[in-house]
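Close look at the chain arrangement
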Amino acid sequence: MEKHLICLDLDGTLLTDEKIISSFTKKVLFELKTRGHELMISTGRPYRASEPYYRELGMDTPIVNFNGAFVHHPQDLYFKTVHEELDLEVAREIVKRVPDLNIQNIIAEVKDNVYIHYHDEVLFEAFGMGSPQIKIGDLTQNIETGPTSILIQAEEPEVPGIRQALDDLFAETIEHRRWGAPYPVIEIVKKGINKAVGVDYCRGYLNIDRKHTIAFGDEDNDTEMLRYVEHGVAMGNAIDEIHEVANHRADTNNNDGIGHFLNDFFKLKL
């Protein structure tokens, strides 16, 4: 079979709810690697929170982080890294405006530097993976360069209204996507950036035809990626909107959805 590019979202997709890669799925992925197929992570997470899984799977491909705002190759120093920052003044204006929208907190990330607007021990621990520099305080004062992304934490009922307000105020300069568990978060990145843009860039680097692409996802931020690839696969636990855009369906992230789908697709008989 022709070499395929297999794009893997992490949370709610490759990872179980316990944040591990189950043994059967891992076995299938390693078998596909031995057969010459390419595995690639495409996630909303920063690299520091993706690296353990990248290394666990012995990957040697580029990685798409921050939903396409940061794309680099941990194994290839000659790979041209992509880092699409939000405009600093736009970022500061967002920080000024959104506290009026009944939010809980605002987090800005500049690669591996984390800035948290309001003190929150839970968030401090959640964003501490990979030992980033974390600074707490007024983001309009603390961020001095355009952030890779801004995260807005809010109660679930408030999320639609906040997203509508972001559209009304900043539609020409930003993209925003919703995260699911463990808590509702809206992620904001530069206009025109999404996972599909990152996957397309990496696919060209790997010289794999688009008709030989597969991607798995479960949340709002996977929409463009699943539309872009030839085989877009919605996890059994995916939101309704992802099932609508995908052309395949897998079992849930807790039931080896990726492993069973790929075992059948490539006729591995594992």
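Residues numbered from 1 in each chain as written. Predicted model: local features only at pLDDT ≥ 70, side-chain atom pairs only at ≥ 80, totals over all residues. Heavy atoms only, no water.

Brief notes about the sheet that holds strand 2 (residues 38-41)
Stated formally: A pair of strands is considered paired only if DSSP assigns at least 2 bridges between the two. Working definition: helices are DSSP H or I runs of at least four residues, strands are E runs of at least two. Numbering for both runs from the N terminus. Throughout, a contact is declared for two residues whenever any of their heavy atoms are within 4.5 Å. Working convention: axes come from line fits to C-alpha atoms, limited for helices to the stretch in contact. Angles between N-to-C directions cover 0 to 180 degrees.
Strand order in this open sheet of 5 strands is 2-1-12-13-14, and the pairing throughout is parallel. Strand pairing shows two members of the sheet lacking a second neighbour, strand 2 and strand 14 (248-249), which therefore form its edges. With respect to the sheet, helix 8 (residues 195-206) is in contact with strand 1 (5-8), strand 2 and strand 12 (213-217), its orientation differing from that of strand 1 by roughly 150°. Most of the contacts of helix 11 (residues 257-265) go to strand 12, to which it runs at about 160°, and overall it touches strand 1, strand 12, strand 13 (231-234) and strand 14.

As for the domain arrangement of the protein
Accessible area lost upon the coming together of the parts serves often as the stated size of an interface. Put simply, the rule reads: Segment limits for the domains were obtained from an automatic or database-derived domain assignment. Buried area, as used here, totals the accessible surface that two parts lose on assembly, with accessibility defined by a 1.4 Å probe and the loss added over both. Basic side-chain nitrogens of Lys or Arg form a salt bridge, by our definition, when they fall within 4 Å of a carboxyl oxygen of Asp or Glu. Within 3.5 Å is the distance limit for a polar contact, defined as a pair of N or O atoms, with the added protein rule that one can donate a hydrogen and the other accept it, and that residues adjacent in sequence qualify only through two side-chain atoms.
By the assigned domains, the protein splits into domain 1 (5-82 + 193-266) and domain 2 (88-190). Using C-alpha coordinates to define each centre, domain 1 is positioned 24 Å away from domain 2. Each partner contributes to the interface: domain 1 provides 15 residues, whereas domain 2 provides 20 residues. Summed over both partners, the interface of domain 1 with domain 2 buries about 1,500 Å², with 51% contributed by carbon and sulfur atoms. In terms of surface lost to domain 2, no three residues of domain 1 exceed Arg 48, Phe 66 and Ile 193, which account for 44% of the buried area on that side. Linking domain 1 with domain 2 are 4 salt bridges. One salt bridge connects Arg 177 with Glu 224, and the closest N-O pair in it is separated by 2.0 Å. Across the contact surface, domain 1 and domain 2 share 7 residue pairs in polar contact (both at pLDDT 80 or more).

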